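Listed here are the chains, written in short residue letters.
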Amino acid sequence: MEEKKSYRALFRQKKDEVHSHEEIKLAFEDSFAVCFTLVEDHTPGARMQLFGQIWEINPDTIITEADLFVVQSDSVAAMDQYLVISKNGTKESNARLAQRLEESGFITSPWYIKSEKHGGIKTCYRFASETQQKAVVHKANLLIDGNNLLLSVRHLSTADHAQMNASQE
């Protein structure tokens, strides 16, 4: 019971922190991030517990909402997705954060956005649900759209691949 109280206290302390869109975009540019939605049938305290656990792993994590637009053969647009940005996260804390999200059972459709850029391109991926293997790598961009944040996910173009390969040489 003590553990849940600490998550609740951490949630209450952190939930009202305000971050400007510019601050969020800047943190996104060099941080690991995950974009997801909560399952519809989650318990009332699930979000509070999950977010408290995330902030316990990395107190600098920014949790905000963003719209998601995935451009592929069957494009998808989803509003009000959660965007978790592991600001100042380490490789270890990012791995723990991703593991905690996966094990929670409270999230669906996560996109994992890598912290490092390759040739100026921020890449992201999803796991293939049946095999838990990484799916095709995509390109992620966080845009400020008026008063909203928009995460766009697109296939890497031939020019993107060339740019990434040139940066590795």
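Described below are features of the structure shown in this document. On a predicted model such as this, the values are computed, not experimentally measured, just so you know.

1. A closer look at the overall build of the chain
- Counting its secondary structure elements, the chain contains five helices and nine strands.
- Reading the helices (α) and strands (β) of the chain from amino to carboxyl end gives α-α-β-α-β-β-α-β-β-β-β-β-β-α.
- For 169 residues, the compact-globule formula gives about 15 Å, and the C-alpha radius of gyration of the chain, at 16 Å, lands near that figure.
- Based on the C-alpha atoms only, the size of the chain along its principal axes is roughly 55 × 35 × 35 Å.
- Counting over 169 residues, the chain shows a buried share of 41%.

2. A look at the layout of surface pockets
- There is about 390 Å³ of room inside the largest pocket.
- For the largest pocket, the lining is made up of 23 residues, of which E17, I24, I63, T64 and E65 are closest to its centre.
- Every element with two or more residues in the lining of the largest pocket is listed here: α1 (2–14), α2 (21–29), α3 (46–57), β2 (62–71), β3 (76–86) and β9 (148–155).
- At six residues, β2 tops the list of elements feeding residues into the lining of the largest pocket.
- In terms of residue class, the lining of the largest pocket is built from ten nonpolar, six polar and seven charged.

3. Looking at the side chain of T123
- Turning to its location among the elements, T123 is positioned in strand β5 (residues 121–125).
- Sequence-distant contacts of T123, that is, excluding residues within four places in its chain, are made with Y112, I113, K114, H118, V137, H138 and M164.

4. Considerations on the nonpolar core
- One finds F36, L50, F51, I54, L97 and L101 to be the most contacted residues of the largest nonpolar core, which totals 23 residues.
- Residue assignment for this core shows that the elements contributing at least two residues are α1, β1 (32–38), α3, β3, α4 (91–104) and β4 (107–118).
- Counting residues in each nonpolar core, the second largest holds 19 residues, with I24, I113, L142 and L151 among its members.

5. A short note on the packing of α3 against α4
- Contact pair α3 / α4: the axes reach a minimum separation of 10 Å and the direction vectors enclose 165°. The orientation of α3 with respect to α4, classified from their angle, is roughly antiparallel. Helix-helix and strand crossings are classified by hand; for α3 and α4 the assignment is right-handed. Contacts from L50, Q53, I54 and I57 in α3 reach S93, R96, L97, R100, L101 and S104 in α4.
- Here the contact of α3 with α4 is composed, by residue class, of five nonpolar, three polar and two charged.

Parameters at a glance
Residues numbered from 1 in each chain as written. Predicted model: local features only at pLDDT ≥ 70, side-chain atom pairs only at ≥ 80, totals over all residues. Heavy atoms only, no water. Helix = DSSP H or I, 4+ residues; strand = E, 2+ residues; numbered from the N terminus. Rg over C-alpha atoms; globule rule 2.2 N^0.38 Å. Buried < 20%, exposed > 50% of the residue type's maximum accessible area, 1.4 Å probe, protein only. 1 Å grid on protein atoms, 1.4 Å probe; cavity = no way out; pocket = protein on both sides within 12 Å on 5 of 7 lines; lining within 4 Å. Points joined across faces, edges and corners; volume = space filled by probe spheres on them. Nonpolar A, V, L, I, M, F, W, Y, C, P; charged D, E, K, R; others polar. Contact = heavy atoms within 4.5 Å. Core = buried A, V, L, I, M, F, W, Y, C linked by side-chain atoms within 4.5 Å. Axes fitted to C-alpha atoms, helices over the stretch in contact; angles between N-to-C directions. Parallel < 35°, antiparallel > 145°, perpendicular 65-115°, else oblique. Left-handed = near helix turned anticlockwise from the far one by under 90°.

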